[in-house]
Structures are given as structure tokens and as C-alpha cells.
Amino acid sequence: MKSKKLTQNPLFLPLVCVLLVLAVNAVYDLSQGKAFYEFFITVINDQGLLTGRLVTILNRGSEVAILAIGMTLVVSASAGTDISVGSVMSLCASFCCMLVAGFGVSSVDDVAIPRLLLGLLGALVMGCICGAFNGTLVAYLNIQPMVATLILWSAARAIGLLLCNNLIVYVRTDAYGVFGGYIGFLPTPILIAAVCIAVVSLVLKKTAMGMYIQSVGINKKASRIAGLNSKRIIFMCYLLCGLCAGIAGIVASSRITSADSNNIGLNMELDAILAVALGGNSLGGGKFNLAGSIIGAYTIQAITTTMYNLGVSSAVAPVFKAVVVIVIVVIQAPPVKNWVRKHTAARPAAGKEAAHA
Amino acid sequence: MENNVVLTMRGISMTFPGVKALDNVDFTLRKGEIHALMGENGAGKSTLIKCLTGINDFEAGEIRVDGVEGTVKNHSTQDAQSVGISTVYQEVNLCPNLSVAENLYIGREPMTAFHTIDRKTMMKKADELVKRLDIKVDVTQNLENYSLAIQQMIAIARASDMDCKVLILDEPTSSLDDGEVEKLFKVMNQLKEEGVGIIFVTHFLEQVYAVCDRITVLRNGTLVGEYPIADLPRVKLVAAMMGKDFDDLASIKPEGFEAQKDTPMEIEARGLSHKGTIKPFDLDIRKGEVIGLTGLLGSGRSELARSIYGADRAQTGTLKVAGKEAKISQPLDAMNLGMGLLPDDRKAEGIIGDLSVRENIILAMQAKRGMFRQLSRAKQEEIADEYIRLLQIKTATRETPIKQLSGGNQQKAILARWLATDPDFLILDEPTRGIDIGTKTEIQKLIIQLSQQGKSIMFISSEIEEMLRTCNRMAVLRDGAKVGELEGELTQERVMAAIAGGADNEK
Ligand SMILES: Nc1ncnc2c1ncn2[C@@H]1O[C@H](COP(=O)(O)OP(=O)(O)OP(=O)(O)O)[C@@H](O)[C@H]1O
Ligand SMILES: [Mg+2]
């Protein structure tokens, strides 16, 4: 009975995927003559910073994890994806650095804190504006999510570049670098992602937002009759998704203490969408599971990091990544799931019959 | 196989997680007979049908079909089609965004010599088909532009037009009015003459006695028996279905339950209209009144109700609720003024399929409170349990996704959603659609009870009988306009005359 419950838990498959990645790591480590738990070894190094493979994955996976939060809500409410998040990240980063450095300035070394805060706030507001733009198109003008967000997907990065006057703007101060660096011994991105996840989880738990979003995603018409403002809810999800992109943009740009418009968040929308799918969420909207998406996000990062460790060259890495993703997605596909369920359910039934006879 | 038998099902068993839906059920269908499959909500009627058509994967039992060697196990509706079984499911499952003609011929489109769809022939044939059944539609229009009743007729037209030995109709008449039912019966009798065996599921007992030759009764997933129609008079049928004696025709209106004259006004509508669906109308409803809306299919009954509730925003006119001018631009506004609307199309506008029974029940109540004032989990469970008990909703647990409930039980859960909001003015559009006779009576009693508490109710039903039992006033609609009201003693004759256009009480 207990094992049946476990396999029906929505987090079962995402967790199996994580275990799979961990197993690959363990086997590799053993073959290299290291301990099988090498993956989990976390130490504070000479510079007083937390390091280890697990820490690296959690650190590097922060942006995707933050994006996955917004993406999960968007997918659930509108049965579509926001493909603009990567570009919006870049735009927000550019806007932030531009505000901090001043228009046309390519590099600053010393920044007053209020100026810095203005930049950060600007990035978040910019994220919200982009989200609101997408949300308006999808919710109020009934444009297909893919098409609506395609606009910013192609434009946002370019707008960012314009804002920076076609320069890569550097903000070389510790105060800015801290968001992608360390607070004490702890990598800040891990902290930021954790806070985002905690806040959204709390809101989902303490308010009816989760039910509203799912209800609208499952049946928009019926939700309206039951008193939900379907359009506003969809709009809100896109707005939140934009805000998440803003936060992720700040982290990504802080890591390199600059706004590299052409590279920040590049292709990250795909990872975010993949994270949602890996988490066992249907891209057709409706029911969602935030924890699944988060696990999915870190799984993607774990795959990437593992491949670097295995010495797969970065040119062919995408191929391996694709293979791993195919395997993970296939084991979650409904026909495969049904097959597994049938074969795990058949045994007790057969046992019962035997007992009868 | 006996030579006049087209279909036998033997020892069919089927289990869903937590529910034994069918337990060793037998069913036999003969050539040229109309066979009623009867039972309460959740008895297993639809499940038995889905086992036959390959939607459900039954665990035990065998199915044999005339003309097919060995046992038959279908895996899809197409499979079933290929052995001559044609089905109209309980929930209309056509494509709303395709045209009527495409829906009629999807999967069997007429082809041109170049292997492309011959649209011209398709339109022509579709047009002939709907004319033959006397359905008034434009076959080039999208299906979603038509009411649920028309959609149901289209589904029937599609199924009956296919070459079949067995025709299955799962509650096809649930939203049809008498005229449409007559048309359907004509088609059924015609097919019966041609030797087709018809399985007919319904909760309308009169319809069973009007066309059926034989009845099979299920109760709680088990077979009660198979009877020739003459051996099972109405009272016995009810007893067989419910497992106890029950008088579903007893009057439930208390003494002196008549049009309220002295209570304050709840709703005063003046010149309300919605373009294309309902012409400007005036309507007053007092507190504690049960007003019925009657009229033919497409006369604008649902549309009138929807324009008051803001489901289709009224474009002209004014509305006063409890004496105060009200501006309603969306359903939530109406809910905040104490209204509720149970829509007639359960699948499209009622259930949130993947959410649990609990969430479906508390949804409207939560929406009224607002997103940030979440009902506590304990409170939600308490409310859900209360209504599951009150309306006898048959569900494995309160956390079961509502789409796994039988049709009638889904309907009860949606009704519970509105009762939970404690509305002052409740619009019930076909509230007993697909609900069995025992519960139907309970719901009718509930309506009267609510009105005695001073709530106003607007009641829409294609079953005049049912409205006579509960309403104390009626408004008559024709061709998208309100044409009159009926007060005083309501009788079948007066209502029929008014609907048909007699001058009775027309203002
Ligand atoms: N997909 C499903 N998953 C789980 N349980 C189901 C599913 N479909 C039906 N059931 C259960 O099987 C039982 C029989 O349901 P069924 O739909 O056959 O009833 P029915 O006789 O058609 O009732 P109604 O008159 O309300 O349509 C019900 O208890 C229902 O909850
Ligand atoms: Mg049914």
C-alpha cells in the first residue's frame, strides 16, 4: 500500500530523475577512485567560502530556479509558455547597469548605495513592465502566449543594448557583485532563490492564489461564472513571471559585474520551460506543482555540471543534455506511466486471486 | 449467439481507484429493440457503456457482437464504430471550434478524386441531415455558437447517420424539450424498424415508457434485473432502482405556496437586453418567490438569466437589486450582490475537471471572499462534507477530482457550490439535469425550502412538470423575447398554450 502511494506522489518522477543524475555521479566518482559521496562533500575553503559540487549546482542553478517559479504559474494559468524571459533578464540587467553607471558610461568603479538601489529597483520595475506587456497581450487581447511573448523574445535584448548605448556596461564594485557572489561563506544566488521560493510558496499556501490559477487554467469559462476574474489572474501570472526574470537578470549580471546584453539569459527560457516539464507539470495548463519545477531546474543544472565533470567538451554537451532530457521526459510520459502503473498494480491483484483459489 | 441478439455482455467487472463501478454485470441487446438502461446516479450506466465502446478497460467479462467472431474488446470509439457500435456520450464530446458540418462528418469525410476533403458534398450532405432531423442550424457555423441542446441534437444526428447495428444514447434528452424529444423518438423508431438495437439511458421515466421495449436496471454497480416493459410499471421501476419504495410524484408544494404579493422586491429589471440573444425585457422578482422561465428551445430562457447575472453583460437597461441600482459587468459583481447562477452546460461552464470535489464546492464561496482571505483547510473540508452528505454526492473521497464522478454527481457538486455561497437570488438553469428521480425530488424540496427562507429563485427547466411542482409564477419566452407572465394556478395546459403562443395572460 505504501509503495503505491509513493509512486502516485506527483514528486515521485522528478525525484527519480534527480537520483538518476546522482547515480551517474557516484559511478563516475567510484571509477575515479573517489568516494561515492564525493558529490555531497561540502567544505569551507581557504578563502572562507562554501564550495563543493552540490553547492556549485545550487549556486549556478539559481537563475533557472527563479525563472521556473514564474514559468510554472504562467503555464498553469494560460496553457502557454513565456519565451521572453531570457531576453527580459538581459534587458533588466542592462537597465540596472545603465541606471547605476549613467547613460553612455561604459564602466564605473565606485557607486553610491542609493544609486545602486535605484538600479536594482529599476530592474525589478522593468521586469514587471515586460510581464505586464506580455500579460496584456495574452489575457486581454487573447493572443497566443507563444506569439505574444515572441515580441519581447526578439526585442528585449536589443532594447537593452540600446539603453546601454551598444556598450557592455561594467559596474565594478563589491556592492554590486555581492548578488552573484557571497554573503559570508554562503553564495548569495542560493539565498536569493531560496527567498523567492519561500515567499511564493508562502503566498500559495496562505492565499487562494494557487486554486485560482489552476481553476482558470483548467476551465476559464467556468471560473468566470464562479466569480473569478480569469483575465486578471492570467495577467498577474505574466506579471510575476516578468518580475522573476528581473530578479534572475540582476543575479546573472551581478555574477559578471556587467550587463553583457548579448549573453545574459541566453536560451535560459528553454531551461525554464524544461524545468517546468521535468517537474511533472503538464504544459497544457491546469494543475501545477511548484516543488516539481524547482527540482526540475536544479536537475538541469546538475546535468550540465555533471557533464563538465565527466569532461564532455562544451561543444558536444548539448547533445548529451538532449539525450538525458529525452530519457527523463519519456519516463514521465502518460503511456509509460500507465504501463508502469498497470504492472505495479497487477501483482497485488494476482496475489488476491491466488489467495481466493 | 441467438439469432435475434446483436450484443451480449457477460460478467463485466470494472474497478476505479476506490470504487467498484461494475460488479459482474450482464446485458443483452436484441435486434430492433429499444432497451432502457436505468439506475441512480453513479449506478454504473455510463461506465458499462464505456466498457463497451473501449473508453474503459474492464478487468473481467466478455463482450460478443453479432457478426464478429469470438469476443470483442474495443480500445477506442473508432474500434467500436468498426464493429457497428455508434455512441452519443453523456457529455457532448464534439469539437466546439469546428463547423457543424465538420462535426457531423469528422473521421468519415466525403473525399474528392484527389484525396482531399470534398467540402461541397460535405456541406450538402450535412444540410440534408440536419433538415431530416429538423434541426434549425447553419451547418457552416461553428458548433460553439449553438446551445447545448442543439449540440446534443447534432451529436445524435452524427451517431444515427452512421451505419450501425447498435446505437447507444447516454442521457441524450437531458437538455432537450418535448418537441426535440419527439423528433428524437421518431428517429429512434425509424432505426428500430431497420433492425438497429438501441441502448437508451435516461432519468425521465415517461420517456422510458414512451419508447422502450425492455429495461435493465443497475444499482450500485450490480445488476438488479432485466424486464420486459410490461412487467415493470413505474412504481416497481423506481423501487428497483432505489432499492426501496418511493413516490416521486407526491406533491411537495406546501399549502398556500403562491405568488408573493407583499414581500419586498429582490430584482427589478427594466429594458435589460443582450445583443443577439435576448431582446429588452422587464422583470420583477420578489423575495421568497420561485419564478420559472418557460419557452421552447432557443427562446432565450438561459440568455435572460445570464443577462441579469452578468455572464453575458447586458447592453441596455437598468437593474435594481434589493431596491438599489446595480451595475453588473461581470459575474463577480452579481455574486457580491447576493446572486448565484448554476449554468446549464455542466462540462463547459460548471465543473473545474481536475480540481477536487472539495475545491469545486468551495470555489464560488472563496471567490466571493477574495483571494487573500483563504478559507482554512478545516473549514473547506467541513463545508464539502456537509454538502456531500446533504446532496448525497457519491464520491470516493472529497479529494477525488470532480471529473471522475458520474454525471449526476458532478451536477450535485456544482449545485452545492452555489448553495454554499448562501445567495439571496439563485438562478438555476436546468439544475436537475442528469439527476436521478430520488435526488430530483430532494432538490425540488430544497428549492421550496430556500424560498420559504425568503430567498428568490429563478428556475429554468425543459421539464414543465418539474416547474409546476416548484414555481409560484412563470415568465414565458418566445424567440428571444419575454412575451408574458403566468400567475395564479399553474397547469400544464395553461403553460403549454402560453409557450405555443396562445393569448393566455399575455401582456
Ligand atoms: N474515470 C473515473 N475514475 C474514477 N471513478 C470513476 C470514473 N468514472 C466513473 N467513476 C465512478 O464509477 C461509478 C459509476 O459511475 P457512472 O458514470 O457509470 O454512473 P452513471 O450510472 O452513469 O451515473 P449518472 O446517472 O450520474 O450519469 C461512480 O461512483 C463514479 O464515481
Ligand atoms: Mg452517466
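The rules behind the values
- Residues numbered from 1 in each chain as written.
- Chains lettered and ligands numbered in written order.
- Predicted model: local features only at pLDDT ≥ 70, side-chain atom pairs only at ≥ 80, totals over all residues.
- Heavy atoms only, no water.
- Helix = DSSP H or I, 4+ residues; strand = E, 2+ residues; numbered from the N terminus.
- Rg over C-alpha atoms; globule rule 2.2 N^0.38 Å.
- Buried < 20%, exposed > 50% of the residue type's maximum accessible area, 1.4 Å probe, protein only.
- Contact = heavy atoms within 4.5 Å.
- Areas by Shrake-Rupley, 256 points an atom, 1.4 Å probe, with all protein chains shown as cover.
- Lys, Arg positive; Asp, Glu negative; His and termini not counted.
- Charge placed at Lys NZ, Arg CZ, Asp CG, Glu CD.
- Near = heavy atom within 4 Å.
- Polar contact = N/O pair within 3.5 Å; in protein donor to acceptor, adjacent residues only side chain to side chain.
- Nonpolar A, V, L, I, M, F, W, Y, C, P; charged D, E, K, R; others polar.
- Pairing = 2+ DSSP bridges.
- Axes fitted to C-alpha atoms, helices over the stretch in contact; angles between N-to-C directions.
- Phe/Tyr/Trp six-rings, centres within 6.5 Å; stacked < 30°, edge-to-face > 60°.
- Salt bridge = Lys/Arg side-chain N within 4 Å of Asp/Glu carboxyl O.
- Patch = residues over 30% accessible without salt bridge, like charges linked within 9 Å, V, L, I, M, F, W, Y side chains within 5 Å.
- Donors = N, O, S within 2.8 Å, 3.2 Å for Na, K, Ca; no water.

(A) Representation of the overall build of chain B. Per the secondary structure count, chain B includes 17 helices and 19 strands. In terms of overall size, chain B behaves like a compact globule, its C-alpha atoms giving a radius of gyration of 23 Å where 507 residues would be expected to give roughly 23 Å. Overall, chain B is about 70 × 55 × 50 Å in size when its C-alpha atoms are taken along their principal axes. Of all 507 residues assigned to chain B, the portion counted as buried reaches 58%. Put simply, of all contacts in chain B between residues at least 6 apart along the chain, 65% involve residues at least 24 apart. Total accessible area on chain B stands at roughly 20800 Å², and carbon and sulfur atoms take up 49% of it. For chain B, the centre of its 63 positive side-chain charges and the centre of its 75 negative side-chain charges are spaced 3 Å apart.

(B) Structural view of the overall build of chain A. Within chain A, the regular secondary structure consists of 16 helices and seven strands. Relative to its length of 357 residues, chain A is compact, with a C-alpha radius of gyration of 22 Å against a globular reference of 21 Å. Dimensions of chain A along its principal axes, counting C-alpha atoms only, are 85 × 65 × 35 Å. Every one of the 357 residues in chain A was classed for burial, and the buried ones make up 50%. If you sum the accessible surface of chain A, you get close to 16600 Å²; carbon and sulfur atoms cover 69% of it. Of the side-chain charges in chain A, 24 are positive and 12 negative, and the distance between the mean point of each set is 20 Å.

(C) The site of ligand 1, seen in detail. Residue and element names in this part refer to chain B. Around ligand 1, the structure places 19 residues, and the nearest of them are Lys45, Ser46, Thr47, Ser406 and Gly408. Within the side chain of Ser46, an N or O atom sits 2.7 Å from an oxygen atom of ligand 1. The contact in question runs from an oxygen atom of ligand 1 to an N or O atom on the side chain of Thr47, over 2.5 Å. Of all the secondary structure elements, the ones that give two or more residues to the shell around ligand 1 are strand 2 (19–30), helix 1 (45–53) and helix 14 (407–420). The leading source of residues in the shell around ligand 1 is helix 1, at three residues. Across the shell around ligand 1, the residue classes tally to five nonpolar, 11 polar and three charged.

(D) Expanded view of the sheet that holds strand 10 (residues 265–274) of chain B. Residue and element names in this part refer to chain B. Spatial ordering of the open sheet is given by 11-10-13-14, a layout of four strands whose pairing is antiparallel. The open sheet has two edge strands, strand 11 (278–286) and strand 14 (324–326), and neither has a second partner. With direction set aside, neighbouring strand axes in the sheet form an average angle of 20°. Here strand 13 (residues 316–321) runs beside strand 14; their pairing, made up of three bridges, is antiparallel. Within strand 14, the position partnered with Leu319 by the bridge is Ala326. Against the sheet, helix 9 (residues 301–309) makes contact with strand 10, strand 11 and strand 13, and its axis sits at roughly 70° relative to strand 11, the strand it touches most.

(E) Structural view of the packing of aromatic side chains. Residue and element names in this part refer to chain B. Applying the stated criterion across every chain yields a total of five aromatic pairs over all chains. Measuring from centroid to centroid gives 6.3 Å for Tyr309 and Trp418, while their planes differ by 90°, and the two rings are edge-to-face. One end of the pair, Tyr309, is in helix 9; the other, Trp418, is in helix 14, with 109 residues separating them in the sequence.

(F) A look at the pattern of salt bridges. Residue and element names in this part refer to chain B. In total, this model carries 34 salt bridges over all chains according to the counting rule given. Note that Arg30 is salt-bridged to Glu226, the shortest N-O span being 3.4 Å. Taken together, the residues span a long stretch of sequence, with Arg30 in strand 2 and Glu226 in strand 9 (residues 222–228) at a distance of 196 residues. According to the relative accessible area criterion, Glu226 is partly exposed, its value standing at 34%. With a closest N to O distance of 2.8 Å, Lys482 and Glu485 form a salt bridge. Residue Lys482 is classed as partly exposed on the basis of its relative accessible area, which comes to 21%. Under the relative-accessibility criterion, Glu485 is labelled buried at 9%.

(G) Spatial organisation of the side chain of Asn219(A). With respect to the helices, strands and loops of the structure, Asn219(A) is situated in the loop between helix 10 (209–218) and helix 11 (220–225). Other than its neighbours up to four places away in sequence, Asn219(A) contacts Lys347(B), Ala348(B), Glu349(B), Ile351(B) and Ile352(B).

(H) Inspection of unusual backbone geometry at higher detail. At Asn142(A), a position not held by glycine, the phi torsion is positive, near 55°. Examined against the element boundaries, Asn142(A) turns out to sit in the loop between helix 6 (113–140) and helix 7 (145–163). Accessibility expressed as a relative area gives 54% for Asn142(A), which makes it exposed. Phi is positive for Glu171(B), which is not a glycine, with a value near 45°. Classification of Glu171(B) as buried rests on a relative accessible area of 6%.

(I) Just a nonpolar patch on the surface, in detail. All names here are of chain A. On the surface, Leu20, Val316, Val319, Phe320, Val323 and Val327 cluster together to form a nonpolar patch covering roughly 500 Å² of accessible area. In terms of residue count, the dominant contributor to the nonpolar patch is helix 15 (residues 317–332) (four residues). Tracing the backbone through its elements, the reader meets Phe320 in helix 15. Residue classification places Phe320 among the partly exposed residues on the basis of a relative accessible area of 44%.

(J) Quick look at the coordination of the magnesium ion (ligand 2). All names here are of chain B. Coordination of the magnesium ion (ligand 2) by the protein comes from Ser46 (OG) and Gln90 (OE1), over a distance range of 1.9 to 2.1 Å. Here the residue Ser46 occupies a position in helix 1, and Gln90 occupies one in the loop between strand 5 (85–88) and helix 3 (100–105), the gap between them amounting to 44 residues. Grouping residues by exposure puts Ser46 and Gln90 together as buried.

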